[in-house]
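# Results of the structural survey
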Amino acid sequence: SVFEGFEPRINESLRRSYAEAGYNVVGTFLAGFTIVNANDVGIDETTGKGFTGPAGTVAAGTNPASGGFTDVSLFVLKSEPPLIAKTGLFSSGGSAESMKSALLFSDDYYYTPRTGVITAPAGSSPDTTWVCVGLLNGASLDDMRNWLDGRPHLDAFIAARNSKSTRGGGVVTFPAGDYTFADEFVCVDYVKFIGEDRRKCRVFGAAGSGAGKAVVRACKSAVGSVDTPAYLSFSGFSNCTIDGSSSWDVGLYVRHCTNESVFDNVTAQNCKKANSIFIGIFYVSAKNHVSRDARDLGVVIGKKIFREGGLYEVNASAFNNLRGNYAGLDDAYNPTTNPYAGACVTIWSANSCAFDYVGAENAYGAGAIIRKGINSTIQILYVEANGKGTASVDKIGARIIDADFPSLIISSLDATRQQKIYLEGSSLLQVGELYSESFASGIFMGTGKVLLMNGRSANNYIAADQSFIENIETKRIAQFGA
């Protein structure tokens, strides 16, 4: 068995192998499991093979060969690299063969030739013809346990990153634990970092540091730089919590990034300017993203807050299950002079992006700031208990910003606890269903308009709300005639 003698806990090495390939192990055929998403897999405990199938519950004891399941293990299971022998020291000299043997350097890391056999003279140092392979302590080469061993966490992560990049790229995993970075960790092309679990893997920016910086920066230029950086490709940092220790400007900064870069299952929190920023990106995944306890803005999508150079638009990216909880400070938000401060979620430019759920709760300002021209449909927007600041006379759950683009489309809008929807300028909101605990005090504010996909919903609104509603059929005819 590949399960080290017990069920249903799955061998973590096997689980990581599937995670690296983009699959989520949800159980075994022996114990039974439930498939919800297309990347969920169940494991045959006798072979380690993973199988996907249609959504639903798979009963305990099901035979994966019974039909209806797809074997994905061919793309996942791979043998571990051969053991690398420790054959000497750079200080005394010696020979090593690529990925078969290595020499120890004074930094207490081992180095192997990038190709062939190299003989190092006594007292020499590894140059670009060598690649670092870590501690060789029995952990997988691309497991951070092969790199840490009491070293400063940032130094170890950088060493693992550089090694993986030199060896052609791929995934580096890091186990449960708390990690403190003294400076920015900068992502590179073709290397993804994946933590064990966002609740168990916490990455902190060192307290008192971080002005003008991000704890994790997925960009080839500094935060707020006025240049136009080259794009970062096939990168990522996932499955962890990133904490700005109340002194870092940004937790996760993803700018000019593309080509299936992945930042899934990240919680960003305790940052001064914004917990997370996504600008100038396309074909990026940031699913299950959470912002908590932001000192100003929570998550910002498609809006420059540092006046960066280059693009700001976010295109063709996935933000499924995007949530913000607690943002802002009481003395910062003002509905007239600073209406965008203290928002849990800001979506300014997002074309053809996936937003199946957006939640904003407990903001000192408006819960969500959404610009009309995002050209993406938000399937569900949930707002609750926003407008906590003393200047927040009206509890604005969402503020819809005007733009010279089509209407903002929200299929289902849940405005609980008397949350208001502020329609700025000539903004146009197209809404499918709108829920409120009570419609008695009105829902809409501002000067914009609302198109109702379900005309019967108008029966719920008081006269003040009715004045915001335009007939969608009339609009369609007028647009067609134009």
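Residues numbered from 1 in each chain as written. Predicted model: local features only at pLDDT ≥ 70, side-chain atom pairs only at ≥ 80, totals over all residues. Heavy atoms only, no water.

Next up on the list: the overall build of the protein. Of regular secondary structure, the protein possesses four helices and 44 strands. Overall size of the protein, expressed as C-alpha extent along the three principal axes, is 85 × 55 × 45 Å. Within the protein, buried positions represent 52% of all 482 residues. Intrachain contacts of the protein at a sequence separation of at least 6 include 57% that bridge at least 24 residues. By element, 51% of the accessible surface of the protein is carried by carbon and sulfur atoms, the whole surface being about 20,300 Å². Positive and negative charge centroids in the protein, built from 42 and 47 side chains respectively, lie 2 Å apart. (Helix = DSSP H or I, 4+ residues; strand = E, 2+ residues; numbered from the N terminus. Buried < 20%, exposed > 50% of the residue type's maximum accessible area, 1.4 Å probe, protein only. Contact = heavy atoms within 4.5 Å. Areas by Shrake-Rupley, 256 points an atom, 1.4 Å probe, with all protein chains shown as cover. Lys, Arg positive; Asp, Glu negative; His and termini not counted. Charge placed at Lys NZ, Arg CZ, Asp CG, Glu CD.)

Our focus in this paragraph is the pairing of strand β17 (residues 201–205). For β17, a buried count of four out of five residues is recorded, marking the element as mostly surrounded by other parts of the structure. Two strands pair when backbone bridges link them, and strand β14 (residues 177–181) and β17 are joined in this way by five bridges, in the parallel orientation. Bridge pairing in β17 links Tyr179 to Val203. In the sheet, β17 pairs with strand β21 (residues 240–243) via three bridges, with the strands oriented parallel. The residue of β21 that forms the bridge with Arg202 is Thr241. (Pairing = 2+ DSSP bridges.)

With that out of the way, let us pick up the sheet that holds strand β4 (residues 50–52). Strand order in this open sheet of four strands is β1-β3-β4-β6, and the pairing throughout is mixed. The sheet terminates laterally at β1 (24–28) and β6 (70–71), the two strands that pair on one side only. Bridge analysis of β1 against strand β3 (residues 40–43) gives four bridges, and the strand direction is parallel. Looking at β3, one finds that Thr28 is bridged to Ile43.

What follows covers the sheet that holds strand β44 (residues 469–470). The twelve strands lie next to each other as β14-β17-β21-β25-β29-β32-β35-β37-β39-β41-β43-β44, forming an open sheet whose pairing is parallel. In this open sheet, the two strands that pair with only one neighbour each are β14 and β44. Strand direction decides the pairing type here: strand β41 (residues 428–436) and strand β43 (residues 449–452), joined by four bridges, are parallel. Bridge pairing in β43 places Leu428 opposite Lys449.

Before going further, it helps to examine the packing of aromatic side chains. This structure, assessed with the given rule, holds 28 aromatic pairs. A ring pair is formed by Phe90 and Tyr111, whose centres lie 6.2 Å apart and whose planes are at 85°; its orientation type is edge-to-face. Pair noted here: Phe90 is in the loop between β7 (85–89) and β8 (94–97) and Tyr111 is in strand β10 (residues 110–113), with a separation of 21 residues, a long-range link. Geometrically, the ring pair formed by Phe157 and Phe174 is edge-to-face, given 5.5 Å between the ring centres and 65° between the ring planes. Of this pair, Phe157 sits in helix α2 (residues 153–166) while Phe174 sits in strand β13 (residues 170–174), and the two are 17 residues apart along the sequence. In this structure Phe174 comes out as buried when scored by relative accessible area, which is 2%. Ring-pair connections join several aromatic residues into one group, and the members of that group are Phe157, Phe174, Tyr179, Phe181, Phe185, Phe193 and Phe237. Its guanidinium or amino end placed over the ring of Tyr422, Arg399 lies 4.2 Å from that ring's centre, counting from NZ or CZ. (Phe/Tyr/Trp six-rings, centres within 6.5 Å; stacked < 30°, edge-to-face > 60°. Lys NZ or Arg CZ within 6 Å of the ring centre and 35° of its normal.)

Here the focus is the environment of Asn454. Mapped onto the secondary structure, Asn454 falls in the loop between β43 and α3 (463–466). Distance from Asn454 to Val431, taken between C-alpha atoms, is 8.2 Å for residues 23 residues apart in sequence. Setting aside chain neighbours within four positions, we find Asn454 in contact with Gly432 and Glu433. Side chain to side chain, Asn454 and Glu433 meet in a polar contact 2.9 Å long. (Polar contact = N/O pair within 3.5 Å; in protein donor to acceptor, adjacent residues only side chain to side chain.)

A word on the pattern of salt bridges. Taken as a whole and assessed by the stated rule, the structure comprises twelve salt bridges. Put simply, Arg417 and Glu384 hold a salt bridge, and the shortest N to O gap is 3.2 Å. In this pair, Arg417 sits in the loop between β39 (408–415) and β40 (420–423) while Glu384 sits in strand β37 (residues 378–384), placing the two residues 33 residues apart along the sequence. Sharing partners across several salt bridges, the network here consists of Asp142, Lys164 and Arg167. (Salt bridge = Lys/Arg side-chain N within 4 Å of Asp/Glu carboxyl O.)

It is worth spelling out unusual backbone geometry at this point. For Arg307, which is not a glycine, the phi torsion comes out positive at approximately 60°. You will see that Asn321, though not glycine, has its phi angle at about 60°, which is positive.

It is a probe the size of a water molecule, rolled over the atoms, that shows where empty space is left. Empty space within the largest pocket amounts to approximately 1,300 Å³. Lining the largest pocket we find 46 residues, and of these Asn24, Asn39, Asn239, Asp264 and Asn265 sit closest to its centre. Every element with two or more residues in the lining of the largest pocket is listed here: α1 (12–20), β1, β13, β16 (191–195), β24 (261–262) and β28 (284–285). Considering every element that reaches the lining of the largest pocket, the biggest residue donor is α1, with five residues. In terms of residue class, the lining of the largest pocket is built from 13 nonpolar, 15 polar and 18 charged. (1 Å grid on protein atoms, 1.4 Å probe; cavity = no way out; pocket = protein on both sides within 12 Å on 5 of 7 lines; lining within 4 Å. Points joined across faces, edges and corners; volume = space filled by probe spheres on them. Nonpolar A, V, L, I, M, F, W, Y, C, P; charged D, E, K, R; others polar.)

Inspection of the secondary structure puts Tyr110 in strand β10. Judged by its relative accessible area of 12%, Tyr110 is buried. A C-alpha to C-alpha distance of 5.5 Å links Tyr110 and Gly134, two positions 24 residues apart in sequence. Not counting chain neighbours up to four residues away, the residues in contact with Tyr110 comprise Lys86, Ala102, Leu103, Leu104, Val131, Cys132, Val133, Gly134, Leu135 and Leu136.

Compared with an ideal rise of 1.5 Å per residue, which puts 14 residues at 20 Å, α2 spans 20 Å between its outermost C-alpha atoms and is within 8% of the ideal. Where α2 is concerned, the buried positions are Leu154, Ala156, Phe157, Ala159, Ala160, Arg161, Ser163 and Lys164. Here the buried face of α2 lies against β12 (130–134), β13, β14, β15 (185–186), β16 and β20 (236–238). Phi for Gly168, located one or two positions after α2, is positive at around 105°. (Expected span 1.5 Å × (residues − 1).)

Turning next to the side chain of Ser392. Of note, Ser392 is situated in the loop between β37 and β38 (396–401). Among the polar contacts listed, one links the side chain of Ser392 to the backbone oxygen of Tyr364, at a separation of 3.0 Å. For Ser392, the residues in contact, after removing those within four places along its chain, are Tyr333, Tyr364 and Gly387.

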